[in-house]
Amino acid sequence: MEQRSIALDGPAGAGKSTLAKKAAQHFGLIYVDTGALYRCVGLYVLRQNVDSQDIFEIVKLLPDIKIEMKHDDEGIQRMILNGEDVTDDIRIPEASKYASDVSAIPEVRAFLLSMQREMANKYDAILDGRDIGTVVLPDAGLKIFITADPEKRAYRRYLELKDKDDTITFEEVRDAMVSRDKNDSERATAPLKAADDAVLLDTSELDLQESFFALCDLITGRFGL
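Enquirer: Can you tell me about the sheet that holds strand E4 (residues 77–81), naming the residues and giving the values?
Expert: Reading across the sheet, the three strands line up as E3-E4-E5 and stay open at both edges, with antiparallel pairing between neighbours. Whereas interior strands pair on both sides, the edge strands pair on one side only; in this sheet they are strand E3 (67–71) and strand E5 (84–85). As defined by bridge partners, E3 adjoins E4 across five bridges and the pair is classed as antiparallel. Paired with Lys 70 across the strands is Arg 78, a residue of E4. In the packing of helix H2 (residues 34–47) onto the sheet, contacts are made with E3, E4 and E5, and the angle to E4 comes to roughly 35 degrees.

Okay, structure coming up:
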């Protein structure tokens, strides 16, 4: 039977993680948030007080990093960094910046690549990230590039974060997102871009439910689920 692998790429705040989780639950797929892996590395580097641009020191830290993905009783992916659940900590803006910076380092990408491919080879899975269809799973059964207007993406992320930190401002989130978009799109290694054979899904004018239905239609159309 054909392995059902879905690569869902796109910029920050486009709704990748939320939609991928819902689709995984709906179709009985394993969900892999690959961006969370880079966030774990970024958070570890941040906690070691190493500059996010210090490639030499960051590469030296990699052997000390152990990342696990677990799922709780509700099927929600939990990120475990060296034995600590950091699922919430990796979403703070500073950790996001670090994640963007470390993701541009080839050694970091190689460090995490095998983990991502192993999940896709072992299970029917949906992986979301920034280079899934172009690098991680170039032979994925379905590739989707999901995007939205930058201001709307920033506002969505702001609403998500302010429930955890009521001191955060929309401007902070927007500026961090603009910076990350630039870093992700311009990095030399595996830049953010749509695979040549990816289907574009623009959610700018869609609410969550409409976006979910659009994603489900694409998956059903490809795999007959």
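Read on, since the account is not over.
Enquirer: Just give me the short version of the packing of aromatic side chains, but keep the residues and values in it.
Expert: Counting across every chain of the model gives four aromatic pairs. Note on Phe 212 and Phe 213: the rings are 6.1 Å apart at their centroids and 40 degrees apart in plane angle, and the pair reads as tilted. Given a relative accessible area of 45%, Phe 213 falls into the partly exposed group. Within the aromatic cluster, the residues linked to one another by ring pairs are Tyr 155, Tyr 158 and Phe 170.

Enquirer: Give me the lowdown on a negative patch on the surface, citing residues and values where you can.
Expert: On the surface, a cluster of negative charge is made up of Asp 165, Asp 166, Glu 171 and Glu 172. Within the element layout of this structure, Glu 172 appears in helix H8 (residues 170–186).

Enquirer: Run through unusual backbone geometry, naming residues and quoting values.
Expert: A positive phi is found at Asn 49, a non-glycine position, where the angle reads about 60 degrees. Within the secondary structure, Asn 49 is located in the loop between H2 and helix H3 (55–61). Within the chain, Asn 82 stands out as a residue other than glycine whose phi angle is a positive 50 degrees. In this structure, Asn 82 sits in the loop between E4 and E5. Given a relative accessible area of 37%, Asn 82 falls into the partly exposed group.

Enquirer: How would you sum up the nonpolar core? Please name residues and give values.
Expert: Of all hydrophobic cores here, the largest spans 36 residues; its most connected members are Val 41, Val 45, Ile 67, Met 79, Leu 81 and Val 108. Considering every element that reaches this core, the biggest residue donor is H2, with nine residues. Setting aside its immediate chain neighbours within four residues, Ile 67 contacts Leu 37, Cys 40, Val 41, Met 79, Ile 80, Leu 81, Leu 112 and Met 115. Counting 20 residues, the second largest nonpolar core, distinct from the first, contains Ile 6, Leu 8, Leu 19 and Leu 215.

Enquirer: Give a description of H8 that names residues and reports values.
Expert: With 17 residues, H8 ought to run about 24 Å at 1.5 Å a step, and its terminal C-alpha atoms sit 24 Å apart, in line with that. Taken together, the buried positions of H8 are occupied by Phe 170, Val 173, Met 177, Arg 180, Asp 181 and Asp 184. For H8, the arc enclosing every buried residue in end-on projection is 105 degrees, short of the 170-degree limit, so these residues lie on one face. Along H8, the residues that are exposed and aim more than 90 degrees away from the buried face are Val 178 and Glu 186. Along its buried surface, H8 packs onto H2, helix H4 (93–102) and helix H7 (150–162).

Rules and cut-offs
In every chain, residue numbers begin from 1 and rise along the written sequence. For a predicted model such as this one, the threshold for reporting local features is a pLDDT of at least 70, and the threshold for listing and counting side-chain atom pairs is 80 or more; totals across whole chains, interfaces and linings nevertheless cover every residue. Remark: hydrogens and water are excluded; side-chain values derive from all non-hydrogen atoms of the structure. In this analysis, strands are considered paired if DSSP registers two or more bridges between them. The way it works is that DSSP assigns letters per residue, a run of H or I at least four long becomes a helix, a run of E at least two long becomes a strand, and they are numbered from the N terminus. We call two residues contacting when some pair of their heavy atoms lies within 4.5 Å. Helix axes are fitted to C-alpha atoms over the stretch in contact, other axes to C-alpha atoms as well, and angles between N-to-C directions run from 0 to 180 degrees. Stacked, tilted and edge-to-face pairs are distinguished by plane angle, under 30 degrees for stacked and over 60 for edge-to-face with tilted covering the rest, among Phe, Tyr and Trp rings (Trp via its six-membered ring) whose centres lie within 6.5 Å. Exposure classes here rest on a 1.4 Å probe applied to the protein chains alone. A residue is buried below 20% of its type maximum, exposed above 50%, and partly exposed in between. Residues enter patches when their relative accessible area tops 30% and they take part in no salt bridge; the joining distance is 9 Å for like charges and 5 Å for the nonpolar side chains Val, Leu, Ile, Met, Phe, Trp and Tyr. In this description, accessible areas are obtained by the Shrake-Rupley approach with a 1.4 Å probe, and a residue is regarded as covered only by the protein chains that are shown. The rule for a salt bridge is simple: a side-chain nitrogen of Lys or Arg has to be within 4 Å of a carboxyl oxygen of Asp or Glu. Within this scheme the basic residues Lys and Arg register as positive and the acidic residues Asp and Glu register as negative, but His and the chain ends are omitted. Where a charge lies is defined by one atom per residue type, namely NZ (Lys), CZ (Arg), CG (Asp) and CD (Glu). Working definition of a nonpolar core: buried Ala, Val, Leu, Ile, Met, Phe, Trp, Tyr and Cys residues. They are joined through side-chain atoms within 4.5 Å. Between the first and last residue of a helix there are one fewer steps than residues, each counted as 1.5 Å, and that sum is the expected span. Directions drawn from the helix axis to the C-beta atoms are what define this arc.

Without other data, these values stay purely geometric and don't point to any function.
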